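# Fold and geometry: a report
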Amino acid sequence: MKKVILLLSLLFISAAYGEGKLNTDKILKLKRAPGPIKVDGIIDDAWNQADSSSNFFQLSPYFGKAPEKKTTIKVLTSDQSIYCLFICYDDPQNITRYTGRQDEAGGDIVSFMIDTFNDQKTAYKFAVTASGVRADCRLLDDARNRDYNWDGIWFSDAKIYNWGFVIEMEIPYKSIQYDGNLPYWGLDFDRYRAVNNEDLYWCSYVENEGQRISKFGKLVFDDFKPTSKGLNLEIYPVGLSKVEYNTESGKYKFSPTVGLDLFYNPSPKLTLQATANPDFAQIEADPYNFNISRYETYYSERRPFFTQGNEIFMASGRQNNSGFYQPLELFYSRRIGKKLADGTEVPLTFGAKAFGRLGDYEYGGFVARTAETDYSSGDVKFTEPSALFASARVKKQILGNSTIGMLFVGKQTSQNTYGVLDLDGAFRGDNWQLSYQIASAFNSDSSDVAASAGFMQFSDSYVILSRSRYVGNKYDANQIGYVPWKGTFSSTTLAGPRWYFEKGYISNILLFGGYSANYEKIDAFTDISAVIAMDMSFRDNWGYEVVFDGGKSRDAGVEYSNWEATFSSWFNISPQWNANIQAGYAKTYNFARNYLGYYSWFGGEIGLKASKILEIGTSLNSWIEINPDDNIDEITYNARPYFSITPLNDLNLRLYVDNVFLRSTNRMERIIVGFLFSYQFSPKSWIYLAVNEIQDRSPYLSNNQLVYDKMNIRERAGVFKIKYLYYF
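Residues numbered from 1 in each chain as written. Predicted model: local features only at pLDDT ≥ 70, side-chain atom pairs only at ≥ 80, totals over all residues. Heavy atoms only, no water.

## Overview of the packing of aromatic side chains
- With the rule as written, the count across this model stands at 50 aromatic pairs.
- Relative to Tyr332, the ring of Tyr298 lies with its centre 4.8 Å away and its plane at 20°, an arrangement referred to as stacked. Taken as a pair, Tyr298 in the loop between β17 (270-276) and α2 (304-307) and Tyr332 in the loop between α2 and β18 (348-358) lie far apart in primary sequence, 34 residues in all.
- Judged by relative accessible area, which is 34%, Tyr298 ranks as partly exposed.
- Ring centres 6.2 Å apart and planes at 50° place the aromatic pair Tyr679 and Phe681 in the tilted group.
- Looking at Phe681, the relative accessible area reads 31%, which means it is partly exposed.
- Taken together through their ring pairs, the aromatic side chains of Phe86, Phe112, Tyr124, Phe126, Trp150, Trp154, Phe189 and Trp202 make up a single cluster.
- A cation sits over an aromatic face here: Arg469 above Trp485, 4.0 Å from the ring centre. (Phe/Tyr/Trp six-rings, centres within 6.5 Å; stacked < 30°, edge-to-face > 60°. Helix = DSSP H or I, 4+ residues; strand = E, 2+ residues; numbered from the N terminus. Buried < 20%, exposed > 50% of the residue type's maximum accessible area, 1.4 Å probe, protein only. Lys NZ or Arg CZ within 6 Å of the ring centre and 35° of its normal.)

## Considering the confidence of the model for the protein chain
- The predicted model of the protein chain averages 89 in pLDDT, with 95% of residues at 70 or higher.
- Of the regions scoring below 50 in pLDDT, residues 1-20 engages in 23 contacts with residues more than four places distant in sequence or in other chains. (pLDDT = per-residue confidence, 0-100. Contact = heavy atoms within 4.5 Å.)

## What to know about empty space enclosed by the protein
- All chains considered together, the criterion is met by six cavities of 30 Å³ or more.
- What the second largest cavity holds in volume is close to 420 Å³.
- Every residue lining the second largest cavity is counted, 27 residues in all, and those nearest its centre are Tyr124, Trp150, Gln177, Thr271 and Phe355.
- A total of three residues in the lining of the second largest cavity trace back to one element, the largest contributor, which is β18.
- For the lining of the second largest cavity, a count of residues per class yields eight nonpolar, ten polar and nine charged. (1 Å grid on protein atoms, 1.4 Å probe; cavity = no way out; pocket = protein on both sides within 12 Å on 5 of 7 lines; lining within 4 Å. Points joined across faces, edges and corners; volume = space filled by probe spheres on them. Nonpolar A, V, L, I, M, F, W, Y, C, P; charged D, E, K, R; others polar.)

## Focus: the nonpolar core
- Ranked by internal contacts, the top residues of the largest apolar core, which has 48 residues, are Phe86, Phe112, Ile114, Phe126, Met169, Phe189 and Leu219.
- Apart from the residues within four sequence positions on either side, Phe112 is in contact with Val75, Ile82, Cys84, Phe86, Tyr124, Lys125, Phe126, Met169, Ile171, Leu187, Asp188 and Phe189.
- In this structure, Leu407, Ala450, Val471 and Ala477 belong to the second largest nonpolar core, which totals 30 residues. (Core = buried A, V, L, I, M, F, W, Y, C linked by side-chain atoms within 4.5 Å.)

## So, the pattern of salt bridges
- Using the criterion set out here, one finds 34 salt bridges in the structure.
- Residues Glu209 and Lys215 are paired through a salt bridge, measuring 3.4 Å at the closest nitrogen-oxygen approach. Across this residue pair, the class does not change: Glu209 and Lys215 are buried.
- One salt bridge in this structure joins Asp523 and Arg294, with 3.0 Å as the shortest N-O distance. Residue Asp523 is located in the loop between β29 (506-520) and β30 (525-538), and its partner Arg294 is located in the loop between β17 and α2; the two are separated by 229 residues in the primary sequence.
- We classify Arg294 as partly exposed; its relative accessible area is 27%.
- Bridged by salt links that share partners, the residues Glu68, Asp90, Arg191, Arg193 and Glu198 form one connected network. (Salt bridge = Lys/Arg side-chain N within 4 Å of Asp/Glu carboxyl O.)

## A short note on the side chain of Ser491
- In this structure, Ser491 sits in strand β28 (residues 488-500).
- At a separation of 2.9 Å, a polar atom in the side chain of Ser491 contacts the side chain of Tyr515.
- Sequence-distant contacts of Ser491, defined by excluding residues within four places in its chain, comprise Arg467, Ser468, Tyr515, Ser516 and Ala517. (Polar contact = N/O pair within 3.5 Å; in protein donor to acceptor, adjacent residues only side chain to side chain.)

## Thoughts on the side chain of Lys353
- Among the secondary structure elements, Lys353 is positioned in strand β18.
- One buried charged residue, Lys353, forms no salt bridge at all, with the nearest opposite charge on Asp147 at 8.5 Å.
- Contacts of Lys353, omitting those with residues within four sequence positions, involve Thr271, Leu272, Gln273, Phe305, Phe306, Thr307, Gln308, Gly309, Asn310, Gly365 and Phe366. (Lys, Arg positive; Asp, Glu negative; His and termini not counted.)

## Thoughts on the pairing of strand β34 (residues 595-609)
- Pairing geometry for strand β33 (residues 577-590) and β34, over 14 bridges, is antiparallel. Pairing of Gln582 across the sheet is with Gly603, part of β34.
- The turn linking β33 back onto β34 is made up of four residues, and Asn594 within it adopts a positive phi angle of 60°.
- As judged from the twelve bridges shared by β34 and strand β35 (residues 614-626), these two strands associate in the antiparallel manner. When the sheet's bridge partners are listed, Tyr598 is paired in β35 with Ile626. (Pairing = 2+ DSSP bridges.)

## Brief notes about unusual backbone geometry
- Pro61 follows Ser60 through a cis peptide bond whose omega is 5°.
- Inspection of the secondary structure assignment puts Pro61 in the loop between β3 (57-60) and β4 (71-77).
- With a phi angle near 60°, Gln120 is a residue other than glycine that sits in the positive phi range.
- Turning to its location among the elements, Gln120 is positioned in the loop between β6 (109-115) and β7 (123-129).
- Despite not being glycine, Leu399 has its phi angle at roughly 50°, a positive value.
- Secondary-structure assignment places Leu399 in the loop between β22 (387-398) and β23 (402-412).

## Concerning the pairing of β23
- In this structure, β22 lies alongside β23, joined through eleven bridges in antiparallel fashion. By the bridge assignment, Ile398 is partnered in β23 with Ser402.
- What sits between β23 and strand β24 (residues 417-428) in their antiparallel hairpin is a turn of four residues.

## Some details on the environment of Asn652
- With respect to the helices, strands and loops of the structure, Asn652 is situated in strand β38 (residues 651-662).
- On the accessibility criterion, Asn652 (0% relative accessible area) is buried.
- Between the C-alpha atoms of Asn652 and Asp476, which are 176 residues apart in sequence, the distance is 43 Å.
- Filtering out sequence-adjacent residues up to four positions away, Asn652 remains in contact with Arg101, Ser644, Ile645, Thr646, Leu676, Phe677 and Ser678.
- Polar side-chain contacts of Asn652 include one of 2.7 Å to the side chain of Ser644.
- In this structure the side chain of Asn652 is engaged in a polar contact, spanning 3.2 Å, whose partner is the backbone oxygen of Ile645.

## Section: a nonpolar patch on the surface
- A grouping of Leu358, Tyr361, Tyr363, Val394, Ile404, Met406, Phe408, Leu421, Leu423, Ile438 and Phe442 is seen on the molecular surface, where their side chains present a nonpolar patch of about 930 Å² in accessible area.
- Of all the elements in the fold, those that place two or more residues in the nonpolar patch are β19 (361-370), β23, β24 and β25 (432-442).
- With three residues, the single largest contributor to the nonpolar patch is β23.
- Along the chain, the position of Leu423 falls in strand β24. (Patch = residues over 30% accessible without salt bridge, like charges linked within 9 Å, V, L, I, M, F, W, Y side chains within 5 Å. Areas by Shrake-Rupley, 256 points an atom, 1.4 Å probe, with all protein chains shown as cover.)

Here it is as structure tokens:
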């Protein structure tokens with residue numbers, strides 16, 4: 001026991017003091033601009049007064065090698081805004097540039113990053129491509145994760161010259177949260193050259209770690225402290241006209257409506273957000289998902305109100321980059337405004353959020369109301385009661401950039417009350433992270449606990465990955481979260497050597513092995529598997545991974561030897577196209593057909609920049625189900641081709657088709673067609689025109705007779721929506 005306590009103590013001390021001594025010389029002074037700065041890609045005389053630097057570091061593809069082209073960065077400030085200038089030297093023919101939508105930037109790109117609280121774990125990132133496309137996000141967990149849902153109000157421009165290109169940015173102080181009493185903020189810059197996949201940073205980093213906010217340089221306030229002026233109020237009135245096709249009457253229904261979104265920053269450390277009568281008409285239909293497990297399919301959230309500012313409600317330690325450790329999803333916003341058995345969607349009538357900071361604490365709150373909704377399942381009529389959803393969150397920074405936090409999520413209806421309370425945290429060192437989560441779920445009938453933990457370490461010579469999850473027999477959070485694995489315990493540990501090659505075509509090789517265990521009470525059995533895998537990546541931005549595992553399992557009373565082999569590969573070797581493929585073969589239990597058999601899959605995606613304004617691509621996947629007699633029961637094919645035209649930055653036309661084809665019937669079983677026109681004509685102000693149609697072979701009435709096995713319209717709708725920002 002003493003050894004365990006000593007080990008934990010050493011880990012905590014490492015988290016607090018293991019930040020290293022990199023970038024102590026990376027300092028820029030933030031000076032006042034001597035006059036107004038016009039953001040147009042032309043270098044004004046005012047920039048002559050700015051502090052500047054040209055000392056960039058190559059992170060990849062050749063770690064530590066001198067950059068091929070020079071980059072100069074400068075910063076200035078006015079009372080209202082902070083300004084950043086990039087001067088990027090290059091041969092014009094080597095500058096890759098495409099038009100694009102905001103946050104879908106491609107080609108050559110630069111980034112300006114600031115840690116405005118000096119907490120060494122979160123930062124803002126503002127990026128602009130050589131063609132002027134803007135993108136922004138929040139860096140989280142010491143840059144281990146990204147929140148691309150953050151959307152700020154800021155301005156930029158780009159201009160190409162015969163010697164390279166220039167990027168200018170303006171970020172109003174009232175568009176960001178910050179601590180104005182600090183003597184300096186954390187600072188870094190990034191430049192990516194698509195022609196050779198060269199990724200350059202102003203700060204230096206360790207190869208096996210990558211970028212870390214805790215190793216940022218300093219933006220020192222020379223004779224200036226930022227202040228926020230104005231009301232810091234954003235009001236978005238929304239006008240919407242919807243046309244829906246009634247499949248029973250064959251007639252169209254026209255329904256105009258209005259809504260209102262609001263953002264308010266009463267201080268640089270607090271944000272309030274509210275929505276009334278929202279409509280998410282610009283959201284594409286969920287892609288097809290094939291599932292033979294005993295658990296429901298998980299769908300990611302894409303509705304703007306729920307995704308914006310949601311970082312505070314995320315459990316600590318989530319690892320978006322590796323995907324290895326994912327804490328329990330205690331707040332699953334897809335439960336709010338969910339679809340019912342007949343496809344009816346529960347309307348969200350009101351929602352509000354508040355989130356901010358107080359010293360080392362971050363806090364947030366959320367509330368939403370859904371309306372009572374009638375629906376049917378077969379010939380039976382039901383009523384979904386109105387519900388009130390609420391969540392509260394607090395996190396504290398400890399031991400450098402480690403965190404500890406608590407989360408509450410609740411739902412109340414006239415029939416029941418549901419709730420979840422959790423304690424979570426993450427201890428972080430230079431190249432490792434130890435995360436944990438303990439949760440209690442309760443309702444009017446029962447209560448139980450669940451827990452999750454994960455450890456991840458990448459050194460220059462080895463990798464260690466470990467995770468565990470426990471869910472109690474009576475743990476029921478599915479009214480508000482996504483935790484379907486009642487009565488289970490699982491654990492996986494993988495480790496192995498890592499080789500990094502400073503020169504040559506091969507960049508990195510990982511070879512690792514370990515075990516996986518999974519106990520399910522419903523089977524009263526612990527599945528045990530051995531795992532071995534290899535991962536290889538190459539300097540021209542492609543790679544592959546091969547994984548083998550096998551062992552003993554029991555499902556539905558059947559004990560058997562399980563095994564699985566998977567292969568995946570990714571290709572980003574050209575600015576013009578990217579692709580990935582996945583394939584696998586397994587012996588497993590098919591819960592969709594209730595038998596032990598074989599299961600195979602193959603598929604992938606490809607995207608092609610056909611021109612500066614046109615992108616085309618598709619996903620194509622197939623799943624093969626093999627029965628115990630070694631005969632193929634079914635092959636399911638799914639394709640999602642699309643094309644996207646962007647004649648101007650932030651003006652886009654996109655058409656996609658999602659279809660499902662079965663070998664057994666030799667015909668298409670479902671088709672979804674979606675078209676979206678979107679135009680951001682002013683910051684955070686949009687015009688949308690969306691048309692969607694779903695056809696399938698579900699039974700329908702025709703001349704008072706039930707028709708089977710014929711393609712028919714399930715849903716058809718068209719929406720015109722305009723959203724305009726009033727910014728005070």
